[in-house]
Amino acid sequence: MDYNKTLNLPETKFPMRANLAEREPEQLKIWYETDLYQQIRQARAAAPKYIFHDGPPYANGDIHIGHVLNKTLKDVIVKYKTMRGFDVPYTPGWDMHGLPIEYAAVRQLGLKLNEISVLDLRKKCAEFAKGWMEKQRVSLKRLGIICDWDNPYMTLLPKYEAKQMDVFAAMYQKGLIYKGLKPVHWCPNCETVLAEAEIEYADKNSHSIYVAFEVKEDPNQRLPLTEKPIDFIIWTTTPWTLPANVAICLNPDFDYVLYDCGERRVVVAKALLEAAKKACSLPQGSIVAEYKGTDLEMILCQHPFIADRLSQVILGDHVTLETGTGCVHTAPGHGEDDFNVGKKYHLPVLNPTDNSGHFTAEAGKYAGMKLDAANDVIIADLEASGRLLAHGTITHSYPHCWRCHKPILFRTTEQWFASVDSIRQQAMDEIEKVHWYPGWGKERIGNMVKDRGDWCISRQRSWGVGLPIFYCKQCGKELITPETLRIVRDLIAVEGSDVWYAKEAQEILGKEFSCERCGGHEFSKETDIMDVWFDSGSSHVAVLEQWPGLSWPADLYLEGADQHRGWFQSSLWTGVAARGGAPYRAVVTNGFVMDGEGRKMSKSLGNVVNPSEVIKQNGADVLRLWAASTDAKAGDVRYSKEIQKQVAEVYRKIRNTLRFLHSLLPDFNPITDRIAVQEMVLIDQWIVSRLAGLVRDVTEYYEDFDYHLVYHNIHGFCALDLSAFYLDVIKDRMYASGKTSRERRSGQTAAWYLLDSMIRMLAPILSFTAEEMWQELRAVGFETEASVHLAVWPKAEAEWLNQGLEAQFSQLLAVREEVNKVLETERQLKHIGKSLDAKVHLYLKDGALQDFVFANQTLWAEILIVSQVVLHRGSLENGLQAENLPDLQIQIAAASGKQCVRCWNFSDQVGSEAEHPELCSRCAAVVRELPLD
């Protein structure tokens, strides 16, 4: 008789090889053909809402690995919350206006801005953005993200733009919108002002010069001008700003010295005298006098190369002793500190530069020069005049444009601003109400909001939503009223923001308006567009108040950590201003993706990863598992081929664990064959208790957005609790016991609980694999929902958890570990082959361990996977002592009896049944009960 055919061998159609790259597209096709997203929404129609608001990526290129991380985490949240019983509408969105789109469109389409009309440029930009949006949508769908792909929001849609106008109008009516002269970050390459969120810092090589300003007048008569000429020494890394110099700033509380160095005397901060002497190669001399900064206020110095200009000595707290001389060159037209202190002293604001980074006629002889080139000419002029004391270079961190990656300028220009002072405290109060994950996010955005200056909302570009402001052609006075704002808003709601550029001012206004200053009736339109952060920052109104199923405010925002100064902050300001509060109840941040060595990914380094290529090779689920494995809340995360390989190994372990569990269930019906936990075999009760703890912990990790802990705990459970122990020790019982025996049904019940619960816990992360297994179970009636993504979260029954049993098993596992060490030694010495060849003798001294081992004596052969275990009270002379259990001695002998050909265990009872002489008594009894063929 072929006894192998009588065994309950594993049986499953769930393949060991995932072939995700081939199977996943087939599953995607089913999801979208059956409109799974709408099925989910209908199934949760009566459920409580959980409003997640998707932040919009720029539609200007292929998705990158950072998109994969961010969008996967969002999808995990939505799927988890849905399984927890919430209705979670998910509307994806795209940011389709502004410099990033315009810059990419002009570069990639080869457009010439001086040869194309504004409307044609806008049309090209719109087509460009829509094209990339569609490509990104296809790539993101391939990741297995389930959302309302057919009805996304786009910042260029008329209904979105109209709501953006509502936000602008609300802020204007609160008196928050104004036009003013202020210093801004300016990119001469992109020819526009930049927001703080559009600035990145990188090293820059700059000139380093020390310049002497000769004192001409001292109204306080503190300096001995009649004795020798006196110079204030300034230091700067931007020689091109000297044509705009109108002052020298000192700190009122610092000590300054008058240092005699021969023919001249110089003024510097006392603490920086030695550094200045060295840098400027000043002759040896002596300190003639000391002053406080306040003593030197209002002194007038000759500008070093502009004969008819004097530079006034002023005071400011921003002056430090970190570098330079303590005497700061001040040009209110080229710096925020300079501007603010200049305003205090009513200094002129000179800004002799144009939008493209060239000097204007106001710069005199330097007119028309590019600023970088002018540096050399200015330095040469300083040297010729004897005013240049030292010249070198310095490498320092300097702000660059995030789009073109070139250094920016500080320019004081007229721009439109949103005042934040009057709503700052309310914004700070709202920050306190929000749940921040991780917690440091609250302090980070709080510090930014606390110190933030007014928000410059105008941009000198063409692709965006035009600022809805008119100007009197006669006197230049702006025309902006609630009525004009309503007119523009209603027109945009129908025709889109192109209408601002397609129609003349009078066509837009539709009726006659009068200038309040001069009474004029003819108007022009503002040519600047709104800051793109105003576009995206209005999304909480534009999207949450209009798209199906959504409502204001959102329960959650999730974006990269850089959005504390970007979208999180712009949304907060517009939320407080237009709707009276923060637009989100919770905010989660993820870090940036670096390469395996912790370097930023860039084409120049050759470390950029194309997600599509990874998916073609490994499938999306492995990439999703990588995203979940990262501790994204802790900071930057890493990705490399080696890291992906490690994650793929973890995926295989999880998949094969699911597969083995499924293989134990071919003849099991969860309804009719399941047995009560109390009636299960003790080790099955233990694993079910462990499962209950896993469900509890994993649920907590999902709630706290700690997906890396979900990853590590499920992997650890599969590798350690299951593969390395439980699934190994139950094989004999599951294969050789009677098909319907209590012992086998107990193991099948545990396997069913494990498989069903793990599929559900993995579904938000391994969406394709969980669905694949779900369909296997559904095909035989084990599951009823059409998709795992329609299922509910696993529930660990109270009766599953048995902490006392788990404590016992920790002792049991400790004994097993000690026995396994000895068995391995015996194997290496070739005293035994497989562990079933062994008989294990356990010698136990009096005590708790002895009581425990004897109380569970029926478990030991199965637990140790040996043929026989003999327990002894007391110790064995010269016995082998367990390393970590002093009360235990171990002896290994050859198993007694013969080996059963069916179960491979050795037994003294093999041959006791004449009908089956090669079988042990257990196997013989099982075979006797089998139906005859």
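For the structure itself, consult the block above.
Below you will find a few notes about this structure. Computed from a prediction, not measured in an experiment: that's the story for all the values here.

Scoring rules and cut-offs
Just so you know, the residues in each chain are numbered from 1, in the order the chain's sequence is written. Residue-level local features of this predicted model are given only where pLDDT is at least 70; pairs of side-chain atoms are given and counted only at 80 or more, and the full residue set underlies all totals for whole chains, interfaces and linings. Think of the side-chain values as coming from all heavy atoms in the structure, minus any hydrogens and water. In this text, helices come from DSSP runs of H or I with a minimum length of four residues, and strands from runs of E with a minimum of two, each type numbered from the N-terminal end. Exposed residues in this analysis have more than 50% of their type's maximum accessible area, buried residues have under 20%, and partly exposed residues fall in between, with area computed by a 1.4 Å probe over protein chains only. Note on contacts: a residue pair is in contact if any heavy atoms of the two residues lie within 4.5 Å. Here a cavity means grid points, on a 1 Å grid over the protein atoms only, where a 1.4 Å probe fits yet cannot get out; a pocket means an open set of points with protein on both sides within 12 Å along at least five of seven lines; lining residues are those with an atom within 4 Å of a point. Grid points are joined across faces, edges and corners, and a volume is the space filled by probe spheres set on the points. We call Asp, Glu, Lys and Arg charged. Ala, Val, Leu, Ile, Met, Phe, Trp, Tyr, Cys and Pro are nonpolar, and the rest, Gly among them, are polar. Whether two strands pair depends on DSSP finding at least two bridges between them. With the strands aimed away from the viewer, a crossover counts as right-handed if its path from the first strand over the helix to the second runs clockwise. Lines fitted to the C-alpha atoms define the axes, with helices restricted to the stretch that makes contact. Angles between their N-to-C directions range from 0 to 180 degrees. Throughout this description, any angle smaller than 35 degrees is read as roughly parallel, any larger than 145 degrees as roughly antiparallel, any in the 65 to 115 degree range as roughly perpendicular, and the remainder as oblique. Two N or O atoms count as a polar contact when they lie within 3.5 Å, although within protein this holds only if one can serve as hydrogen donor and the other as acceptor, and sequence-adjacent residues are included solely when both atoms are side-chain atoms. Between the rings of Phe, Tyr and Trp (Trp by its six-membered ring), a pair exists once the centres lie within 6.5 Å; its type follows the angle of the planes, with under 30 degrees stacked, over 60 edge-to-face, and the other angles tilted. As a reminder, the over-ring test applies to NZ of lysine and CZ of arginine, requiring each to be within 6 Å of the ring centre and within 35 degrees of the ring normal. Buried Ala, Val, Leu, Ile, Met, Phe, Trp, Tyr and Cys residues form a nonpolar core when they are joined through side-chain atoms within 4.5 Å. Any two cysteine sulfur atoms lying within 2.5 Å of each other are counted as a disulfide. Here, the arc refers to the directions that run from the helix axis to the C-beta atoms.

Considering the overall build of the protein chain
- For the protein chain, the helix and strand inventory stands at 29 helices and 33 strands.
- When the backbone C-alpha atoms are referred to their principal axes, the protein chain occupies close to 125 × 75 × 45 Å.
- Every one of the 933 residues in the protein chain was classed for burial, and the buried ones make up 58%.
- Long-range contacts, defined here as pairs at least 24 residues apart, represent 77% of the contacts in the protein chain between residues at least 6 apart.

Section: empty space enclosed by the protein
- One pass over the structure, following the stated rule, counts five cavities of 30 Å³ or more.
- Its volume calculated, the largest cavity comes out at about 100 Å³.
- Mapped by element, the contributors of at least two residues to the lining of the largest cavity are helix H2 (36-43) and helix H3 (65-83).
- The element best represented in the lining of the largest cavity is H3, accounting for five residues.
- Looking at the lining of the largest cavity residue by residue, the classes come out as seven nonpolar, two polar and two charged.

Brief notes about the pairing of strand S24 (residues 556-560)
- Among the five residues in S24, five count as buried, and that is most of the element.
- Judged from the two bridges that link them, strand S1 (residues 52-53) and S24 form a sheet pairing that is parallel. Paired with His53 across the strands is Tyr557, a residue of S24.
- Taken together, the four bridges between S24 and strand S25 (residues 586-590) define a ladder with parallel strand orientation. Looking at S25, one finds that Leu558 is bridged to Val588.
- Following the backbone out of S24, through helix H17 (residues 567-579) and into the adjacent parallel S25, one traces a crossover that is right-handed.

As for the sheet that holds strand S21 (residues 478-479)
- Spatially, three strands are ordered S21-S20-S22 in an open sheet, and the strand pairing comes out antiparallel. Here the strands that pair on one side only, and so sit at the sheet edges, are S21 and strand S22 (523-525).
- Pairing geometry for strand S20 (residues 470-472) and S22, over three bridges, is antiparallel. Across the sheet, the residue bridging to Tyr471 is Ser524, located in S22.

What to know about the sheet that holds strand S29 (residues 868-873)
- Strand order in the open sheet made by the four strands is S29-S28-S31-S30, with mixed pairing throughout. Sheet topology places S29 and strand S30 (880-881) at the edges, where each strand pairs with a single neighbour.

Overview of the packing of helix H10 (residues 421-433) against helix H11 (residues 440-451)
- Two numbers describe how H10 lies on H11: the axes approach to 10 Å, and their chain directions differ by 175°. Relative to H11, H10 is oriented roughly antiparallel. In this structure, H10 contributes Arg424, Ala427, Met428, Ile431 and Glu432 to the contact, and H11 contributes Lys442, Ile445, Gly446, Val449, Lys450 and Asp451.
- Across the contact of H10 with H11, the residue classes tally to five nonpolar, one polar and five charged.

As for unusual backbone geometry
- Here the bond from Tyr437 into Pro438 is cis, since omega is -5°, no more than 30 degrees from zero.
- As for its position among the elements, Pro438 is in the loop between strand S17 (435-437) and H11.
- Backbone torsion omega between Trp552 and Pro553 reads -5°, so that peptide bond is classified as cis.
- Positionally, Pro553 belongs in the loop between helix H16 (539-542) and S24.

A word on the pairing of S25
- The buried count for S25 comes to five of five residues, which makes it a mostly enclosed element.
- With three bridges joining them, S17 and S25 adopt parallel strand pairing. Note on S25: the bridge partner recorded for His435 is Ala586.

Focus: the side chain of Gln563
- Relative to the assigned elements, Gln563 resides in the loop between S24 and H17.
- Separated by 2.7 Å, the side chain of Gln563 and the backbone nitrogen of Trp567 make a polar contact.
- Residues in contact with Gln563, not counting those within four places in the same chain, are Trp533, Phe568 and Gln569.

Some words on the packing of aromatic side chains
- Throughout the structure, instances matching the rule amount to 28 aromatic pairs.
- Among the aromatic residues, ring-to-ring pairing joins Trp436, Tyr557, Trp567, Phe568 and Tyr584 into one connected group.
- Taking NZ or CZ as reference, Lys159 lies 4.0 Å from the ring centre of Trp547, over its face.
- Between Lys204 and the ring centre of Tyr398, over which it is positioned, the NZ or CZ distance is 5.2 Å.

A word on the nonpolar core
- Ranked by internal contacts, the top residues of the largest apolar core, which has 237 residues, are Phe168, Tyr584, Trp626, Ile683, Tyr726 and Leu842.
- With near-sequence residues (within four places) excluded, Phe168 lies in contact with Ile177, Ile457, Leu467, Pro468, Ile469, Ile480, Leu485, Met530 and Phe534.
- In this structure, Ile209, Cys249, Ile299 and Ile314 belong to the second largest nonpolar core, which totals 46 residues.

Structural notes on the environment of Phe705
- Turning to its location among the elements, Phe705 is positioned in the loop between helix H21 (682-703) and helix H22 (707-729).
- Each C-alpha atom, one on Phe705 and one on Ala632, is 9.4 Å from the other, the two residues being 73 residues apart in sequence.

Section: H17
- Within H17, twelve of the 13 residues are buried, leaving the element largely enclosed by the surrounding structure.
- Of all the positions in H17, only Trp567, Phe568, Gln569, Ser570, Ser571, Leu572, Trp573, Thr574, Gly575, Val576, Ala577 and Ala578 are classed as buried.
- Positive backbone phi, at 80°, marks Gly580, one or two positions downstream of H17.

Looking at the packing of helix H19 (residues 620-629) against helix H20 (residues 641-663)
- One can describe the packing of H19 onto H20 by two numbers: an axis separation of 9 Å at closest approach and a directional angle of 105°. Taken together, the axis directions place H19 and H20 in an arrangement best described as roughly perpendicular. Residues Asp621, Val622, Leu623, Leu625, Trp626 and Ser629 of H19 form the contact with H20, whose own contacting residues are Ile643, Gln644, Val647, Ala648, Val650 and Tyr651.

Points about the side chain of Glu862
- Structurally, Glu862 is set in helix H28 (residues 860-864).
- Classification of Glu862 as buried rests on a relative accessible area of 18%.
- The residues touching Glu862, leaving out its near neighbours within four places in the chain, are Ile683, Val729, Ile730 and Arg733.

Describing the state of the cysteines
- Under the definition given, this model contains zero disulfides.
- Cysteine Cys327 is unpaired, with the sulfur of Cys301 as its nearest cysteine sulfur at 8.9 Å.
- The exposure class of Cys327 is buried, given its relative accessible area of 2%.

Things to note about the environment of Pro304
- Structurally, the position occupied by Pro304 is in the loop between strand S12 (300-302) and strand S13 (310-315).
- The exposure class assigned to Pro304 is buried, which follows from its relative accessible area of 8%.
- For the pair Pro304 and Ser397, spaced 93 residues apart in the sequence, the C-alpha separation amounts to 28 Å.
- Ignoring anything within four residues of it in the chain, the contact list for Pro304 reads Val211, Ala212, Phe213, Leu382, Ser385 and Arg387.

Looking at H10
- Every buried residue of H10 is listed here: Ile423, Arg424, Ala427, Glu430 and Ile431. Mapping the buried residues of H10 onto a view down its axis gives an arc of 130°, with all of them on the same face. In H10, the exposed positions angled more than 90 degrees off the buried face are occupied by Ser422, Gln425, Glu432 and Lys433.

What about the environment of Glu559?
- Mapping Glu559 onto the fold places it in strand S24.
- Residues Glu559 and Asp54 lie 505 residues apart in sequence; the distance between their C-alpha atoms is 8.5 Å.
- Once you skip the residues sitting within four places of it in the chain, Glu559 turns out to touch Asp54, Gly55, Asn70, Lys74, Trp567, Phe568, Val588, Thr589 and Asn590.

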